[in-house]
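Below are the chains, spelled out letter by letter.
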Amino acid sequence: MSQSIRTYALFALVALLIIGTGLLQGWDLALVILNMGLVSAIMSLGVNLQWGIAGLFNVGVMGFVALGGMAVVLASVDPVEEAWAAGGARAILALVLGAATIVATVLAWKKTKNRWLTAAILIAGFVVYRMVRDPGVDAIEAVNPAGTGFLGGLGLPVVIGWIVGGLLAAGAAWIIGKTALGLRSDYLAIATLGISEIIIAIMKNEEWLTRGVKNVTGLPRPVPDAIDLQNDPGFVERAASIGMDPTAASTLYIKIGYGLMFAAVLIILLVLAQLALNSPWGRMMRAIRDNETSARAMGKDVTFRHLQVFILGSAICGIAGAMMTTLDGQLIPTSYQPLRYTFLIWVMVIVGGSGNNLGAVLGGFLIWFLWVQVEVLGPGFMTWVTGALPDDSGLKEHLLDSVQHMRLLTMGVILLLVLRFSPRGLLPER
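Just so it is clear, the model here is predicted, and its values are computed rather than measured.

**Notes on the pattern of salt bridges**
According to the stated counting rule, one finds ten salt bridges in the structure shown. A salt bridge links K255 to D28, with the nearest nitrogen and oxygen atoms 2.5 Å apart. In this pair, K255 sits in helix α11 (residues 246-277) while D28 sits in helix α2 (residues 27-53), placing the two residues 227 residues apart along the sequence. By relative accessible area, which is 17% here, K255 ends up buried. With a relative accessible area of 35%, D28 lands in the partly exposed category. Across the pair E292 and R296 runs a salt bridge whose closest N-O atoms are separated by 3.9 Å. One end of the pair is E292 and the other is R296, both in helix α13 (residues 292-297) and four residues apart, which spans about a single turn.

What follows is the structure, encoded as structure tokens:
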């Protein structure tokens, strides 16, 4: 079977799976799978750009996705005027002082190589930073802590938050890349994983910025509100004309709206990724991936190109994270777990086909479909499997109590099967 026919057949299979879900399990679930499949495909595309094309082993995907989610809050939530009046200026000044301290410390070390002077600048700057920051943050978090307790955002359209998410993730990737990209692949993986955990820790603890574990709910959405649709006589009439309840129709309408927007973003990013892959830049990146020594001998700036592609891939993950937070309508820092936002994305890339953008997109849809369906069908499947066992059997009780782990078992089995029978993925790199 040719590569083109295989590509069409596999994407047709994914389409049939989603349509079948709609016919058998309800279109609400089918649209949930479709929308998060689109977001997952974008995340997978970003990781594929870093690993499949450039060979960078980044396992800090979770951190960049979380930064995208935080960007939606910072960009689209209305500012909390009382919090800004109470301590906003001091909090911003503290950030400026912190950044200035870091810059001054680095410059002092580069210019003088004097450890005592460098340490003195760092300690003095840290003390001043905390003296300015702590009173301001305490004042902000004291403003209606049950309802707000943070500065809010800029009140911009939420779609602007998607762009800000990409830029924020790109900025973080630049900082991380300047310090970590010189490491060997295994050390780079450890460094990016650790930095992503630091990002999540900051989001959980800096309540004045993201409300921490109190979560930010009721985020603005780029589609109409369900209540507004249900109170619109024209919408109610159109729903009745096709035999649908206004509540169910409004839910489907909103999810279809998200699906169209997410699909547009995915198509734009996929086209750009394909153009980059087939350009001289893409051929150069693959040459660097395959043999860095030869690329350096040919005069290529390998470090700069690694930084470049690391920033681009992270920015795509940030955009996907912002889209996902918009879809959820809330930012929950504790929900960012490596299993979901790093391991699963890597499974998507490996199963779909590392180095192939279409393969990464296919893996995003397929793995997300299975991830959702295993949770939905797993309990019934396990009940059927253990039906022949005695009710007082310890094994039956154990299997039924462990049904929540079927997701992990399924992902592991799929990964092993693909690596055994198609080591380069379902759609290998050409």
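Text resumes after the structure shown.
**Describing a nonpolar patch on the surface**
Nonpolar side chains collect at one region of the surface, where W84, I92, L93, L95 and V96 lie side by side and expose about 430 Å² of accessible area between them. Structurally, V96 can be placed in helix α4 (residues 81-112).

**What to know about α11**
Here α11 contains 32 residues, and its C-alpha end-to-end distance of 46 Å stays within 8% of the 46 Å for a straight helix at 1.5 Å per residue. Between a side-chain oxygen at the N-terminus of α11 and the backbone nitrogen of T247 the separation is 2.9 Å; the capping residue is D245.

**Notes on the layout of surface pockets**
Any empty space left between the atoms is revealed when a probe the size of a water molecule rolls over them. Here the largest pocket is characterised by a volume of approximately 1,600 Å³. Lining the largest pocket we find 39 residues, and of these L95, A99, I102, I175 and I202 sit closest to its centre. At the level of elements, α3 (61-76), α4, α5 (115-141), α6 (158-180), α7 (185-205) and α8 (207-210) are the ones that each hand at least two residues to the lining of the largest pocket. The biggest single contributor to the lining of the largest pocket is α4, with ten residues. A per-class count over the lining of the largest pocket returns 29 nonpolar, six polar and four charged.

Each value, and the rule that gives it
Residues numbered from 1 in each chain as written. Predicted model: local features only at pLDDT ≥ 70, side-chain atom pairs only at ≥ 80, totals over all residues. Heavy atoms only, no water. Salt bridge = Lys/Arg side-chain N within 4 Å of Asp/Glu carboxyl O. Helix = DSSP H or I, 4+ residues; strand = E, 2+ residues; numbered from the N terminus. Buried < 20%, exposed > 50% of the residue type's maximum accessible area, 1.4 Å probe, protein only. Patch = residues over 30% accessible without salt bridge, like charges linked within 9 Å, V, L, I, M, F, W, Y side chains within 5 Å. Areas by Shrake-Rupley, 256 points an atom, 1.4 Å probe, with all protein chains shown as cover. Expected span 1.5 Å × (residues − 1). Polar contact = N/O pair within 3.5 Å; in protein donor to acceptor, adjacent residues only side chain to side chain. 1 Å grid on protein atoms, 1.4 Å probe; cavity = no way out; pocket = protein on both sides within 12 Å on 5 of 7 lines; lining within 4 Å. Points joined across faces, edges and corners; volume = space filled by probe spheres on them. Nonpolar A, V, L, I, M, F, W, Y, C, P; charged D, E, K, R; others polar.

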